[in-house]
Amino acid sequence: MAKNTANSPASGTNDVRDRILATASELFYRRGVRAVGVDLVVEKSGVAKTSLYRHFGTKDDLIAAFLKREDLDFWNTWDRVREQHPEDAAAELDAHFEWIGERVGRDNYRGCPQINTAAEFPEADHPARKVAEAHMRELRRRLKTIAEGLAVAAPDRLAGQLTVLINGAFVSMQVFERGEATSLLRDAAHALIAASRS
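Residues numbered from 1 in each chain as written. Predicted model: local features only at pLDDT ≥ 70, side-chain atom pairs only at ≥ 80, totals over all residues. Heavy atoms only, no water.

## Considering helix α5 (residues 89–104)
Note on helix geometry: an α-helix contains 3.6 residues per turn, so any two residues three or four positions apart are oriented the same way. Between its terminal C-alpha atoms α5 stretches 22 Å, which fits the 22 Å expected from 16 residues at 1.5 Å a residue. The set of residues buried in α5 consists of Ala89, Glu92, Leu93, Ala95, His96, Phe97, Trp99, Ile100, Gly101, Arg103 and Val104. Looking at the buried positions of α5, the neighbouring elements they touch are α4 (59–83), α7 (127–149), α8 (155–170) and α9 (181–197). (Helix = DSSP H or I, 4+ residues; strand = E, 2+ residues; numbered from the N terminus. Expected span 1.5 Å × (residues − 1). Buried < 20%, exposed > 50% of the residue type's maximum accessible area, 1.4 Å probe, protein only. Contact = heavy atoms within 4.5 Å.)

## Some points on the pattern of salt bridges
As enumerated under the stated definition, the model contains 13 salt bridges in all. Linking Arg103 and Asp73 is a salt bridge whose minimum nitrogen-to-oxygen distance equals 3.4 Å. Placement of Arg103 in helix α5 and of Asp73 in helix α4 is noted, with a sequence separation of 30 residues between them. Judged by its relative accessible area of 13%, Arg103 falls in the buried class. The partner of Glu102 in a salt bridge is Arg106, with the nearest N and O atoms 3.2 Å apart. Accessibility expressed as a relative area gives 39% for Arg106, which makes it partly exposed. A cluster of three or more residues bridged by salt bridges with shared partners is formed by Asp79, Arg82, Glu138, Arg141 and Arg142. (Salt bridge = Lys/Arg side-chain N within 4 Å of Asp/Glu carboxyl O.)

## Topic: the confidence of the model for the chain
Averaged over every residue, the pLDDT of the chain is 90; residues scoring 70 or more account for 93%. Across residues 1–9 the pLDDT falls below 50, and counting only partners more than four positions away or on other chains, this stretch makes two contacts in the model. (pLDDT = per-residue confidence, 0-100.)

Okay, here's the thing in structure tokens:
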């Protein structure tokens, strides 16, 4: 018979950690990482400060955990979309622009958490900046795989261009008219792809 772990100490520990991280993530995203202090995270999550530091040794560790959480969400969505378009790179890319366009068009969208946080921490060795940079390298790697499937002359160059395009969308939400982000992304990508084949 399987042991019920719902009320075990380990389960409670994970609940506290998850509550701290969920609260910090919401605050960091809405207000900015530097603007949110540990005391506010403690207050809003309803835990003791010692609990926060038991799970996250420093605020920097909490920031890195926030970015890893965002990273996981982003790549889970990416993977679900990719799995819907096996062997069709063009359809996959268009589908990615669909959900990315929807994401940047949300009323509560404040930009890419990785880009926002990297801008707040110029130090190359900061844990949060390392997570953000790894995210951007992974984006380019995945776009290169798509570009290879499109049979263009220089897949790495196209991947770089598409990375710039997507990151540009992440920081340009204020200039989009309602609902136009997806079509702008697709049109620009199709122009880049056509230029890569000429």
